[in-house]
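Fold and contact review
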Amino acid sequence: MSKEKKMRLTLPEEELVGSGNLACQGCGANLALRYVLKAFGKRTAICIPACCWAVIDGAFPHSCLGIPVYHCAFETAASTATGVKAGLEMVGDTETQVIAWAGDGGTFDIGIQALSGTAERNDDILYVCYDNEAYMNTGIQRSSATPLGAWTTTTPVKFPKDRPKKDIDAIMAAHRIPYQATASIAYPEDLYKKALKAKNTRGTKFIHIYAPCPTGWKSRPEDTVKLARLAVQTCLFPLYEVEHGEKYTLNIKVQNKKPIEEYIKLQGRYRHLKPEAAAAIQEGIDRDWERLLKKVNAG
Amino acid sequence: MKKVIMGNHALSYGAMLSRSQVISAYPITPQTQVVELLSEMCADGTLQAKFIKVESEHSAMASCIGASVAGARTFTATSAQGLALMHEMLHWASGGRLPIVMGNINRAMAPGWSIWTDQNDSLSQRDTGWMQFYCSSNQEVLDTTIQAFKIAETAGIPAMVVLDAFALSHTYEVVDIPDQAKVDAFLPSYKPYARLTPDAPCAFDGLTGPEHYFELRYKLQKDMEKVPALFNETSREFEKIFGRRLEAVEPYLCDDAEIILVTSGTAGFTARVAVDEMRKDGIKVGNLRIRMFRPFPFDDVRRLLAKVPKIAVLDRNISYGYHGIFCQEVKSALNGSGSKSPVFGFIAGLGGRDITVASFREVVDITRGQSTPAEEINWIGVKK
Ligand SMILES: Cc1ncc(C[n+]2csc(CCOP(=O)(O)OP(=O)(O)O)c2C)c(N)n1
Ligand code: SF4
Ligand SMILES: [Mg+2]
């Protein structure tokens with residue numbers, strides 16, 4: 001007699017991201033949208049600026065998504081989504097939710113002005129940044145989300161990234177939007193819950209999703225989820241929520257921080273790293289983690 | 001209802017009577033009154049629209065694009081630096097075939113900072129696939145805005161309504177503000193061919209390979225080519241309802257003219273006064289004002305200019321290293337039409353320097369004094 005238990009699904013079965021799309025093997029960004037759309041469902045419109053996802057979706061006249069898509073200019077995810085929401089409401093559709101779906105370059109760098117404007121006006125959209133820590137679409141150039149010490153084609157091994165990653169979440173918290181969160185493709189249930197919360201909150205929502213990229217990180221496609229999990233377990237990318245820029249909630253309470261080496265050694269983009277440089281990365285993580293705990297404890 | 005209003009408010013009334021549904025704009029002198037009045041109208045319910053107070057012109061056009069693809073009638077207004085900042089998005093609007101209407105107040109481009117009129121801002125956007133209409137009175141601004149929505153939505157091409165800084169934007173004139181019912185009869189609500197909706201999910205404006213892109217642009221040009229006829233058709237309808245006729249080009253005393261002064265914008269009005277004065281002196285001059293710059297009214301321009309002995313084009317703009325821009329367009333339109341008429345190019349009024357009746361007298365003196373142009377460009381009023 002078989003004793004196997006039937007697996008219980010923790011996420012809705014419906015898939016709005018079609019298979020066989022143009023993502024690379026092991027693409028974290030692909031998983032990110034799958035999970036978010038499981039929460040948002042069909043009554044959703046999405047604005048995708050220039051980024052890997054502009055390609056993943058498919059070329060004209062195809063689309064792998066089961067929802068309407070507007071492909072917008074690189075720096076305009078937030079402002080286009082603002083316009084779509086206003087337009088839909090004016091033609092009598094108050095139900096459809098609008099998502100701006102951008103990469104780290106489109107968020108931390110070129111699109112930050114539009115994002116700041118949308119957040120300050122508290123326009124009713126969800127802005128998601130899937131973060132693969134570089135401009136992948138154009139061939140792995142650094143962005144201001146690229147972490148300290150990492151190689152990219154514009155931060156070559158002789159001169160790797162010499163500045164830490166920009167703290168976009170603190171910038172968004174400074175806008176005092178009703179809801180924001182960090183999330184990870186390695187924690188789908190947590191990500192799903194956050195997307196649902198965003199769906200049920202009015203005003204500007206921001207979710208920052210950690211989305212490893214085997215092509216750009218020079219990692220194995222099968223390590224994508226492992227890397228994303230390690231990023232949380234090392235406290236490199238803590239999972240937390242912020243309400244109204246003030247109330248911080250830590251979702252995964254890491255007790256025994258894993259050393260960053262475990263994470264670094266799985267990625268070619270850190271292959272050049274000297275022990276001192278790895279120590280500097282560890283120091284930065286420790287400092288940022290303490291800073292975050294202070295905010296959590298204050299809230 | 002007749003009212004004395006400024007040119008900027010004529011734009012606001014045009015957008016309001018057209019029942020714009022989403023307005024997204026950023027302030028810049030000399031456009032500010034356009035958006036101030038519209039935001040008041042939205043706030044007090046005179047206009048049922050959403051006014052998005054964006055943080056830049058770039059976002060203004062991006063959100064107009066978003067609203068338009070969602071199926072809403074959208075309007076914005078800007079000037080000079082603001083228009084230049086929108087440049088990428090202007091291509092996006094026309095390439096996406098979104099019938100957005102925008103007012104642009106002609107202001108000289110910095111540096112040095114200038115808030116005064118010339119046409120280099122809008123003419124720098126010549127090749128973005130927008131229609132451009134240059135106005136010379138406040139009535140025309142209001143009428144053109146309403147007509148622009150109709151043409152834009154029929155053709156699936158965005159439209160720019162252009163007016164001079166101060167000379168029109170801040171000048172008060174009597175304007176007949178039509179009844180809403182009449183405007184509604186002329187301009188029914190916007191029914192997009194396709195729009196962003198979960199009821200029929202599809203992707204717009206994504207990656208388009210060489211297999212398809214060319215045809216999309218071919219269609220844009222083909223639809224542009226239909227606009228002159230569409231313009232005339234909507235003008236006839238407009239005249240029936242409002243009693244005013246809007247022309248793509250406006251000839252004034254051209255039939256027997258030995259010299260035709262070609263102008264655009266408010267300089268066109270000054271040109272008429274100059275023509276009247278010079279006619280009294282026995283000089284046979286006429287004026288052709290070009291209202292529709294894109295698409296270029298080839299047929300009208302050829303018909304009216306091909307046989308005139310001399311043509312003098314006055315440009316309040318310049319394509320550095322070439323000519324005034326209207327001059328080069330007129331020359332290229334006449335080329336191949338069999339016309340032997342010499343075209344004299346004049347540049348005047350950059351950065352808001354006045355163009356007066358005396359300026360036109362100088363233009364005519366130079367044109368009469370030469371059988372063919374001695375200079376590629378004749379400068380009027382420049383301190384050399
Ligand atoms: C105005 C403008 N500048 C540059 C580009 C070229 N470009 C397209 S995608 C991209 C990088 C996108 O990076 P990111 O937002 O991180 O998304 P990813 O490709 O990594 O998914 C760049 C630089 C562009 N499309 N538009
Ligand atoms: S380059 Fe990276 S982010 Fe882009 S599709 Fe491939 S794996 Fe995904
Ligand atoms: Mg990226």
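Note that the structure is predicted; figures quoted are calculated from it, not measured.

What follows covers the overall build of chain B. The helix and strand inventory of chain B stands at 14 helices and 16 strands. The globule rule puts the C-alpha radius of gyration for 384 residues at 21 Å, and the 21 Å found for chain B is close to it. Each principal axis of the C-alpha distribution contributes one length, and for chain B these read about 70 × 50 × 45 Å. Going through the 384 residues of chain B one by one, you find that 60% of them count as buried. In chain B, once contacts between residues fewer than 6 apart in sequence are set aside, the share between residues at least 24 apart is 80%. When the accessible area of chain B is evaluated, it comes to approximately 15,200 Å², of which 53% is carbon and sulfur surface. A distance of 3 Å separates the average location of the 40 positive side-chain charges in chain B from that of its 43 negative side-chain charges.

Residue and element names in this part refer to chain B. Scanning the entire structure with this criterion turns up 17 aromatic pairs over all chains. Arranged with centres 5.8 Å apart and planes meeting at 80 degrees, the rings of Y134 and F326 form a pair that is edge-to-face. With Y134 in strand β6 (residues 131-134) and F326 in helix α13 (residues 325-334), this pair connects stretches of sequence that are 192 residues apart. Accessibility expressed as a relative area gives 1% for Y134, which makes it buried. With a relative accessible area of 1%, F326 lands in the buried category. Relative to F298, the ring of F296 lies with its centre 5.6 Å away and its plane at 70 degrees, an arrangement referred to as edge-to-face.

Let us look at the pairing of strand β15 (residues 343-348) of chain B. All names here are of chain B. In terms of burial, β15 is largely enclosed, as 6 of its 6 residues are buried. With 5 bridges joining them, strand β14 (residues 310-315) and β15 adopt parallel strand pairing. Within the sheet, the bridge partner assigned to L314 lies in β15 and is F346. What joins β14 to β15 is α13, and the crossover it makes is right-handed. Bridge analysis of β15 against strand β16 (residues 378-380) gives 3 bridges, and the strand direction is parallel. In the strand pairing of β16, I347 is matched with W379. As for the winding sense of the linkage, the β-α-β connection from β15 through helix α14 (residues 357-369) to β16 is left-handed.

All names here are of chain A. Together, K226, R229, K258 and K265 give the surface a local cluster of positive charge. By the secondary structure assignment, R229 is in helix α9 (residues 224-233). Note on R229: relative accessible area 33%, which makes it partly exposed.

Counting from both sides, the interface comprises 39 residues of chain B and, opposite them, 38 residues of chain A. Between chain B and chain A, the buried area comes to about 2,900 Å², and carbon and sulfur atoms account for 67% of it. When residues of chain B are sorted by the area they lose upon contact with chain A, L196, P198 and L207 of chain B head the list and together hold 21% of the total. Applying the counting criterion to the chain B and chain A interface returns 3 salt bridges. A salt bridge links E55 of chain B to R121 of chain A; the shortest N-O distance between them is 3.4 Å. Between the two partners, chain B and chain A, sit 14 residue pairs in polar contact (both at pLDDT 80 or more).

Moving on to the domain arrangement of chain B. Residues and elements named next belong to chain B. You can read the domains of chain B as domain 1 (2-241) and domain 2 (249-380). Of note, the centres of domain 1 and domain 2, computed from C-alpha atoms alone, are 28 Å apart. With 26 residues of domain 1 at the contact, the number on the domain 2 side is 23 residues. For the pair domain 1 and domain 2, the two sides together bury roughly 2,100 Å², of which 55% comes from carbon and sulfur. Summed over the shared surface of domain 1 and domain 2, the result is 3 salt bridges. The interface formed by domain 1 and domain 2 holds 15 residue pairs in polar contact (both at pLDDT 80 or more) in total. Going through the elements one at a time, α6 (120-123), β6, α7 (138-155) and α10 (227-242) are the ones with two or more residues in the side of domain 1 that touches domain 2. When residues in the side of domain 1 that touches domain 2 are grouped by element, the largest group, 4 residues, is from β6. Among the residues forming the side of domain 1 that touches domain 2, the class breakdown is 14 nonpolar, 8 polar and 4 charged.

For the rest of this paragraph, the subject is the site of ligand 1. Residues and elements named next belong to chain A. Near ligand 1 you find 17 residues, and of these G105, G106, Y130, A134 and N137 are the closest. G105 has a polar backbone atom sitting 2.8 Å from an oxygen atom of ligand 1. The contact in question runs from an oxygen atom of ligand 1 to an N or O atom on the side chain of N132, over 3.0 Å. Relative to its unbound accessible surface of 590 Å², ligand 1 loses 77% to contact with the protein.

With that settled, the discussion passes to empty space enclosed by the protein. Residues and elements named next belong to chain B. One pass over the full model with this rule turns up 1 cavity of 30 Å³ or more. In this structure, the largest cavity spans a volume of roughly 50 Å³. Surrounding the largest cavity, Q119, D164, S264, G265, T266, A267, L314, D315, R316 and I355 form its lining. Grouping the constituent residues of the lining of the largest cavity by class yields 3 nonpolar, 4 polar and 3 charged.

About the criteria used
- Residues numbered from 1 in each chain as written.
- Chains lettered and ligands numbered in written order.
- Predicted model: local features only at pLDDT ≥ 70, side-chain atom pairs only at ≥ 80, totals over all residues.
- Heavy atoms only, no water.
- Helix = DSSP H or I, 4+ residues; strand = E, 2+ residues; numbered from the N terminus.
- Rg over C-alpha atoms; globule rule 2.2 N^0.38 Å.
- Buried < 20%, exposed > 50% of the residue type's maximum accessible area, 1.4 Å probe, protein only.
- Contact = heavy atoms within 4.5 Å.
- Areas by Shrake-Rupley, 256 points an atom, 1.4 Å probe, with all protein chains shown as cover.
- Lys, Arg positive; Asp, Glu negative; His and termini not counted.
- Charge placed at Lys NZ, Arg CZ, Asp CG, Glu CD.
- Phe/Tyr/Trp six-rings, centres within 6.5 Å; stacked < 30°, edge-to-face > 60°.
- Pairing = 2+ DSSP bridges.
- Right-handed = clockwise from strand over helix to strand, strands pointing away.
- Patch = residues over 30% accessible without salt bridge, like charges linked within 9 Å, V, L, I, M, F, W, Y side chains within 5 Å.
- Salt bridge = Lys/Arg side-chain N within 4 Å of Asp/Glu carboxyl O.
- Buried area = accessible area lost by both parts, 1.4 Å probe.
- Polar contact = N/O pair within 3.5 Å; in protein donor to acceptor, adjacent residues only side chain to side chain.
- Domains from an automatic or database assignment.
- Nonpolar A, V, L, I, M, F, W, Y, C, P; charged D, E, K, R; others polar.
- Near = heavy atom within 4 Å.
- 1 Å grid on protein atoms, 1.4 Å probe; cavity = no way out; pocket = protein on both sides within 12 Å on 5 of 7 lines; lining within 4 Å.
- Points joined across faces, edges and corners; volume = space filled by probe spheres on them.

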